[in-house]
Amino acid sequence: MSGILVVAETRRGELRDVSLELIGAARTVKDAAGGRLAVALVASDPAAHAGALALDGVDEVLTVASPVPHFEAHVAQRALEALIESEGPSLVLVGHTIDSLGFAPAVAVRAGLGFASDVTALGWEDGPTASRGAYGDKLVAELDFPGRETTLLMVRAGAFEPAEGAGEAPVREVEVELGDAIATEHVEFREAAAGDVDITKADFLLSIGRGIEDADNIPQFEELAEKLGATLSVSRPLVDAGWMSNARQVGQSGKTVKPKVYLALGISGAVQHLAGMQKADTIIAVNSDPEAPIFSVAHYGVVGDLFEVAEALDGHFD
Amino acid sequence: MLVAAAEKTREVFWHFPTWLEALWYVLAVSSVLVFAYGVARPVAKYRRGQRSGLPPRSELPGRFMTATRTLFSHASIGRRDPYVGWAHRAVFYGFATLFIGTIVLAINTDITERFFGWRFFTGNFYLGYSIVLDVLGLALILGVLLMMVRRGIIAPRKLDYARPDRAPEDPQYDRRVYRAGDWTFIVLLLVIAGTGYLLEGVRIAMDAPGYDSFSPVGWAAAQGYEVLGLSNGVLTTTRHSIWWFHGLLAIAFVSAIPFTKAQHMLTSYSSLVFKDPLAGKRLRAIAPERAAEPAGYGKLADFSAVHLLQLDACTKCGKCHEACPANAVGRPLSPRDVILELREQANLTMKDVGVGGVLGTLLGGRDNGNGSLDVAIMGEDRVRVDTIWACMQCNACVEACPVGIEQAPIINQIRRRLVEEGELDANLQSTLQVIHKSGNSFGENKRKRGRWTRELDFEIKDARAEPVDVLWFVGDYASFDPRSQRVTRALARLYRRAGVDFGILYDGERNSGNDVRRVGEEGLFESLAEANVATLNECDFKRIVTSDPHSLNTLRNEYAAYGGDWEVAHHTAFLAELIEDGRLDVAGRLSYRVTYHDPCYLGRFNGGYDAPRAILETLGCTLVEMPRNRDDSFCCGAGGGRIWIPDAPGAERPSENRIREAVGLGELDFFVVSCPKDVTMYEDAIKTTGNGERLELRELTELLEEALAADPLNQHTEAAA
Amino acid sequence: MKIVVPVKQVAALDDEFELLDDGAGVDPDFVERDLNEWDAFSLEAALLLREAAGDGEVVAVSVGDDEATEGLLTCLAKGADRGVRIWDDALQDADVLSVARVLSAAVERESPDLVLCGVQSSDAVNGATGVALAAHLGLPHVAVVSGLSYDAGSATATVERELEGGLIEVLAVRCPALLTIQTGINEPRYANLRAIKQAREKPMDELGLDDLGLDEQAVAAAAGARRRRLRPPESGGGAEIIGGSPAEAAARIADIVKERMSG
């Protein structure tokens, strides 16, 4: 087994950024791993994106035609199993995304692969090595995969820089019998509620999380946001609890934002939340827990009581 | 046949042929039978309730004595409302006297005279009887008139019976039936008493028996007849007519007692006999025979017999309605209306026979009952879930009720069922889970419980490791809330200054469970109590002192059931002791103008009103009492788990209402509290009502510490000079 | 209708936890164990389906040591009919694929109509156990389900997948199936303590590896990764901590904000 196989992702006809990040990740270990770097895309019209995937460092683009217009987990699973079988990579890279969560672990089981998900760092020591979070990202676990000929790693979105630079990889169509794999039927897509506000357009976000404790504390932060000239956004738990609409939700299943300033109050920084805001220019976090993961992406941190800080902050913006 | 004029007496059946007398007796006996049936029916209903909670027979004589004393003194009726106290005394004593008088007369006429030939209704006895009944009958009329004036002219809001748990559009909002029933009742009393005097007047006018001074009101009525100048024939007819009108009305009234508002004569008194003197302070554990049953009250059949009785004891006086802080801030809860709603449901289960059917129709026209209490009490058109959760379990209702109804404990029992069915606010739910996991409501690791001690410059003993005189049970808020921690540290410094040998449990202490129990989570309360008792029983101490009134209540009143029997005091009582013993020199050091808020669980529940006041006085502060103080104190809104439930935005909070009340007292230096939850609630309310500049909060301990630091030089030099 | 709900008793670290010297693990004194947040939602979904059907069996299964019993009792208290706990010391450091293998042996015997897992556990955050389990069982699967509609005995279930950016995909999946359930799909009910105490009377099976026809080798063979070491995250490039009182910190924050927003 040799070489690296990257699995790209599309959604509703658009190539997803994570695909380019995976190529970037693959390139960091390509030399050590030796062999070729191939990028595979399973889609109803894969050829449309083949060009975008033929980046510098990519040796080959493999296209697999899907019998269904949208992502289907079992089709993706069968396709990947077939590709692993036919191409024999030693390392397979997939994004740790909602779509991939739907099939990658199944491939690992059925093909007897080494496996780790939500990987944030990649290495090679006589075989792949990886790092991922442990105990909810409070610690880091370093992994290896002894005795595995092929290892499948699901890479955290945003952990690697996207690859750049055009290349000249040939495109090869791979035929895989996929029709009988289908086990689900797409009915429709539903957009998130538009809501009264588009937090992705805001320059300054005041973001609140579980730390505010009570729904009836929200008005004071709405007022504070207004005073600061910021837009109020929230982390997932407040939406789950029904306190705020998900139009204001920052995170993997909410919006991804890149404001000039992201001021997080009472947000611990679960990985799904970080995915939605870690690219902000300036991140200031206030949390009573000194070990809160948000401090790992924040530029400035305050370990303290968010209510006291918020109250004091109020006075500076009259 | 005229009785000899020389004999002081009067004829009972004036000019009655035998058959008429016989008819009268038939009617009288029938009315008694109807009365008996009317009593038997609800008693059968009560007996379908749960027996646990019934006091042992040995207690009954004492309970009757206490109930009778309470009744005769009218202390509970006149409380906070002297007008009603006097009016009701007049009605009560008047009615009781007339009633007893009638029975005495019947004994004379139908027993002693008929069977033994002994007539005692004569001579001085008769004269005495006459004057007493005349005067007390007049009292009855005056009392009723006072009640009419109150209801009709003074018209206090609560007497419109408007209920906060229904909107005006709801069909059940209409309370006209109640108002009409109450008016009917007092009008009837007036008519019966009035016709009695009219009858007496016509008798005196016709017979002129003399001894007018012993029947002054009757004599006055007689003068009225004279003025009218009616002929003897007219007077005779009048006399017969009024006799029968008055008589029939009276016996109809008596027979209807169990079916109308008048039933309170029986049910309210019985409630006083059977009530739990520790209602609210010590809630009842789940009876062992009900271990496999769902907890609490979900159907009427789950109610204890005493509580079913109490549903019928309510006179709709509205004292609890006025005292309730949830009602005061517009929440959908009035203890009165919970009781009335449950009563209506219970009445509809009674077998639908005769008069009960009429009442059933009047109260909403639902299906006839079949006697079974297997009826769910909760529902949109019954007791609503948000009504039950609006309660702060502050016991103001239990305290105010003149007839001993246990509204708050009933609400607590209903909560037990709601908790079991998962019908509780999501925040409350997660707080309970957090308490279960970490032993405190803050979700902090229990290792952090003793952290507040770190900023002290001395070590506090670990009561688990060494013997102490005083075991200080700190409480969650005092241990974990930053604002309250300041008070806790101040208290520690005071204890040290006074040379107290004290220790704390550090991470061995758990939430005392008082509020968990008030929320209705009996299982969690039990596990907290058992754990705390086990820890405490391993320790060596003389007494427990706590800074938290909620912990005080449960440690003192409820932990005994789990094997915990100790002397428990609140820190204000302990500090007062220390001051009196001269261990804290604080006399006359401060001269602030303050008001003091009595915490529910220290004051109303445990009678701890005086120690804080004594301390303030000793300090030299001027205490301006809150209008609602001592047992009438107004809850801050944290109790009953409400501190763990978010408030509806925009509505006034009880704590805000209270701060406004304080601001109304004029210039004050401090709003003084002695409970950690009050510290939290009122610091917040002072801000949210915009009174941050006008009013400052101090916990009593903080004033004491300030006093100790205040320069004593003046006192000493003056003393020396 | 039978629904199996795999649950996990997850570990949460205290603020001041300590690593064991060799980086092999965390000092257990500083670890709090609790039922996985996601599993409360998947269990609730199962209970709601059973209530809607009026009939059925909900079985909670967990691979875990003694501490997992508490989580299973909570499930039973909420209304699960039966609990199954699987443990063997060999499972101490089992990775996600090993756990999936062991679970599959237990779940297979149940022949469920639906298997509802949580999307992920809050401590390991693999997000993979459910789908890996589905592969062993040969069941169709959908991950990250935020809406579910299923009639007992039906050949399909209609589910909603919660995608990035708040987009929802509605799809039909062939049943029996395995779904991984996302938080927010319902409101998990409260398990009161009395019910938890009474839940001890409910059936709870405790199985070892040999009860499932497995052994240490099989578990090791199923593993996907080996953890070489556990270490604290790099603090390089981490946040500049602003010290001082809340008032001082707020003043500094205000300065930073004004400076960044003016540029």
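Residues numbered from 1 in each chain as written. Chains lettered and ligands numbered in written order. Predicted model: local features only at pLDDT ≥ 70, side-chain atom pairs only at ≥ 80, totals over all residues. Heavy atoms only, no water.

When you go through chain C residue by residue, the secondary structure sums to 7 helices and 13 strands. Based on the C-alpha atoms only, the size of chain C along its principal axes is roughly 60 × 45 × 40 Å. Across the 263 residues in chain C, those meeting the buried criterion constitute 59%. Long-range contacts, defined here as pairs at least 24 residues apart, represent 70% of the contacts in chain C between residues at least 6 apart. Of the roughly 10,400 Å² of accessible surface on chain C, a fraction of 45% belongs to carbon and sulfur atoms. Considering chain C, the positive charge centre built from 24 side chains and the negative charge centre built from 47 side chains are found 2 Å apart. (Helix = DSSP H or I, 4+ residues; strand = E, 2+ residues; numbered from the N terminus. Buried < 20%, exposed > 50% of the residue type's maximum accessible area, 1.4 Å probe, protein only. Contact = heavy atoms within 4.5 Å. Areas by Shrake-Rupley, 256 points an atom, 1.4 Å probe, with all protein chains shown as cover. Lys, Arg positive; Asp, Glu negative; His and termini not counted. Charge placed at Lys NZ, Arg CZ, Asp CG, Glu CD.)

Per the secondary structure count, chain B includes 29 helices and 9 strands. Considering only C-alpha atoms, chain B reaches an extent of 100 × 70 × 50 Å along its principal axes. Relative to its full complement of 721 residues, chain B shows a buried share of 55%. At a minimum sequence separation of 6, the contacts of chain B that also span at least 24 residues come to 79%. Accessible area for chain B stands at about 30,200 Å²; split by element, carbon and sulfur atoms hold 58% of it.

So, on to the packing of helix α26 (residues 654-663) of chain B against helix α27 (residues 676-688) of chain B. All names here are of chain B. Where α26 contacts α27, the two axes come as close as 9 Å, and the packing angle between them is 70°. Between α26 and α27, the crossing angle belongs to the class labelled roughly perpendicular. Residues S655, E656, R658 and I659 of α26 lie in contact with α27, whose contacting residues are M681, Y682, A685, I686 and T688. The class makeup of the residues in the contact of α26 with α27 is 5 nonpolar, 2 polar and 2 charged. (Axes fitted to C-alpha atoms, helices over the stretch in contact; angles between N-to-C directions. Parallel < 35°, antiparallel > 145°, perpendicular 65-115°, else oblique. Nonpolar A, V, L, I, M, F, W, Y, C, P; charged D, E, K, R; others polar.)

The α-helix winds at 3.6 residues per turn, so residues separated by three or four positions along the chain end up facing the same way. Residues and elements named next belong to chain C. Helix length check: helix α3 (residues 96-110) (15 residues) gives 21 Å between terminal C-alpha atoms against 21 Å at 1.5 Å per residue, within 8%. Taking the largest bend as the criterion, α3 deviates by roughly 25°, centred on S104. Counting buried positions along α3 yields 12 of 15 residues, so the element is predominantly enclosed. Three or more residues of α3 are buried, namely V96, L97, S98, V99, A100, V102, L103, S104, A105, A106, V107 and E110. (Expected span 1.5 Å × (residues − 1). Bend = angle between axes of the 7 residues up to and from the residue.)

To continue, consider the confidence of the model for chain C. Close inspection of predicted coordinates is inappropriate in any region flagged by low pLDDT. When the pLDDT values of chain C are averaged, the result is 93; 98% of them are 70 or greater. Both scores are given for the predicted complex: the pTM is 0.89, the ipTM 0.92. (pLDDT = per-residue confidence, 0-100.)

Looking now at helix α23 (residues 549-557) of chain B. All names here are of chain B. The element α23 is largely enclosed, with a buried count of 8 among its 9 residues. Among the residues of α23, P549, H550, S551, L552, N553, T554, L555 and N557 are the ones counted as buried. In the core, the buried residues of α23 are packed alongside β2 (470-473), α21 (514-519), α22 (522-537), β4 (543-546), β5 (568-570) and α27.

There is a patch of like negative charges on the surface, built from D210, D211, D215 and E216 of chain C. Relative to the helices and strands, D211 of chain C resides in the loop between β11 (204-207) and α6 (216-222). (Patch = residues over 30% accessible without salt bridge, like charges linked within 9 Å, V, L, I, M, F, W, Y side chains within 5 Å. Salt bridge = Lys/Arg side-chain N within 4 Å of Asp/Glu carboxyl O.)

Residue and element names in this part refer to chain C. Taking burial as the measure, the 7 residues of strand β4 (residues 57-63) include 6 buried ones, the bulk of the element. One ladder, built from 6 bridges, connects strand β1 (residues 2-7) with β4; its direction is parallel. Paired with K2 across the bridge in β4 is E57. Bridging between β4 and strand β5 (residues 82-86) involves 5 bridges; their strand directions are parallel. Looking at β5, one finds that V59 is bridged to R82. Following the backbone out of β4, through helix α2 (residues 67-78) and into the adjacent parallel β5, one traces a crossover that is right-handed. (Pairing = 2+ DSSP bridges. Right-handed = clockwise from strand over helix to strand, strands pointing away.)

Before going further, it helps to spend a moment on the packing of aromatic side chains. Residue and element names in this part refer to chain B. In total, this model carries 34 aromatic pairs over all chains according to the counting rule given. Taken together, a centroid distance of 4.6 Å and an interplanar angle of 65° make the contact between F16 and W243 edge-to-face. Placement of F16 in the segment before α1 (18-47) and of W243 in helix α8 (residues 232-256) is noted, with a sequence separation of 227 residues between them. Assigned by exposure class, F16 and W243 land together as buried. Aromatic side chains Y495 and F502 sit 5.3 Å apart centroid to centroid with 65° between the ring planes, which places their arrangement in the edge-to-face category. F502 matches Y495 in its accessibility class, with the two residues each being buried. Through a chain of ring-to-ring contacts, three or more aromatic side chains come together here, namely W118, F120, F121, F125, Y126 and Y129. A cation over an aromatic ring shows up here: K316 above the ring of Y161, its NZ or CZ 5.4 Å from the ring centre. (Phe/Tyr/Trp six-rings, centres within 6.5 Å; stacked < 30°, edge-to-face > 60°. Lys NZ or Arg CZ within 6 Å of the ring centre and 35° of its normal.)

Strands in a sheet are paired, the pairing made by backbone hydrogen bonds, and the direction either parallel or antiparallel. One open sheet holds the 10 strands; their spatial order is β11(A)-β5(A)-β4(A)-β1(A)-β6(A)-β10(A)-β7(A)-β8(A)-β9(A)-β12(C), and the pairing between them is mixed. Because the sheet does not close on itself, it has two edges, and the strands there are β11 (171-173) of chain A together with β12 (226-231) of chain C. Taking the axes of each pair of neighbouring strands and ignoring which way they run, one obtains an average angle of 35° across the sheet. By the bridge criterion, 3 bridges tie strand β1 (residues 4-7) of chain A to strand β6 (residues 91-95) of chain A in an arrangement that is parallel. Residue pairing for β6 of chain A: V6 of chain A is matched across the bridge by L93 of chain A.

A few words on the interface of chain C and chain A. Taken together, the contact pairs 78 residues of chain C with 82 residues of chain A. Summing the contributions of chain C and of chain A, the shared interface buries around 6,900 Å²; its carbon and sulfur component is 57%. Here chain C is connected to chain A by 10 salt bridges. Note that D99 of chain A and R161 of chain C form a salt bridge whose closest N and O atoms lie 2.8 Å from each other. There are 43 residue pairs in polar contact (both at pLDDT 80 or more) connecting chain C and chain A. Classifying every residue of the side of chain C that touches chain A gives 45 nonpolar, 14 polar and 19 charged. The sheet contact formed by strand β17 (residues 300-303) of chain A and strand β13 (residues 240-241) of chain C spans 2 bridges and is parallel. Directly across from Y300 of chain A, in β13 of chain C, lies its bridge partner E240 of chain C. (Buried area = accessible area lost by both parts, 1.4 Å probe. Polar contact = N/O pair within 3.5 Å; in protein donor to acceptor, adjacent residues only side chain to side chain.)

Moving on, we get to empty space enclosed by the protein. Residues and elements named next belong to chain B. Tallied over the entire structure, the rule returns 8 cavities of 30 Å³ or more. Taken as a whole, the largest cavity spans an internal volume of roughly 120 Å³. Every residue lining the largest cavity is counted, 14 residues in all, and those nearest its centre are D476, N511, S512, D548 and K677. Elements represented by at least two residues in the lining of the largest cavity include exactly α19 (476-480), α21, α23 and α27. Looking at side-chain class alone, the lining of the largest cavity contains 3 nonpolar, 7 polar and 4 charged residues. (1 Å grid on protein atoms, 1.4 Å probe; cavity = no way out; pocket = protein on both sides within 12 Å on 5 of 7 lines; lining within 4 Å. Points joined across faces, edges and corners; volume = space filled by probe spheres on them.)

For the rest of this paragraph, the subject is the sheet that holds β11 of chain C. The 10 strands are arranged β12(A)-β9(C)-β8(C)-β7(C)-β10(C)-β6(C)-β1(C)-β4(C)-β5(C)-β11(C) in an open sheet whose pairing can be described as mixed. Two strands in the sheet have a free side with no partner beyond their single neighbour: β12 (184-190) of chain A together with β11 of chain C. Strand-to-strand twist of the sheet, defined as the mean angle between neighbouring strand axes without regard to direction, takes the value 35°. In this sheet, strand β8 (residues 156-162) of chain C lies alongside strand β7 (residues 141-149) of chain C in antiparallel orientation, the contact comprising 4 bridges. Its bridge partner being in β8 of chain C, S149 of chain C is matched across the sheet by T158 of chain C. Contacts from helix α4 (residues 129-137) of chain C reach β1, β6 (114-118), β7 and β10 (177-181) of chain C within the one sheet, and its direction differs from that of β10 of chain C by about 175°.

Between chain A and chain B, the residue contacts involve 6 residues of the former and 6 residues of the latter. Buried surface at the junction of chain A and chain B, summed over both partners, amounts to about 440 Å²; 41% is from carbon and sulfur atoms. For the chain A face of the interface with chain B, the top three residues by lost area are D214, D216 and E311 of chain A, together amounting to 66%. The interface formed by chain A and chain B includes 2 salt bridges. Between R653 of chain B and D216 of chain A there is a salt bridge whose closest N-O contact spans 3.5 Å. Seen at the junction of chain A and chain B, the total is 1 residue pair in polar contact (both at pLDDT 80 or more).

Once that is clear, we can look at the packing of helix α4 (residues 82-116) of chain B against helix α5 (residues 123-154) of chain B. Residue and element names in this part refer to chain B. The geometry of α4 relative to α5 is characterised by a closest axis approach of 7 Å and an angle of 145° between their N-to-C directions. Handedness of the α4/α5 crossing: left-handed. Residues of the contact of α4 with α5, tallied by class, amount to 22 nonpolar, 7 polar and 1 charged. (Left-handed = near helix turned anticlockwise from the far one by under 90°.)

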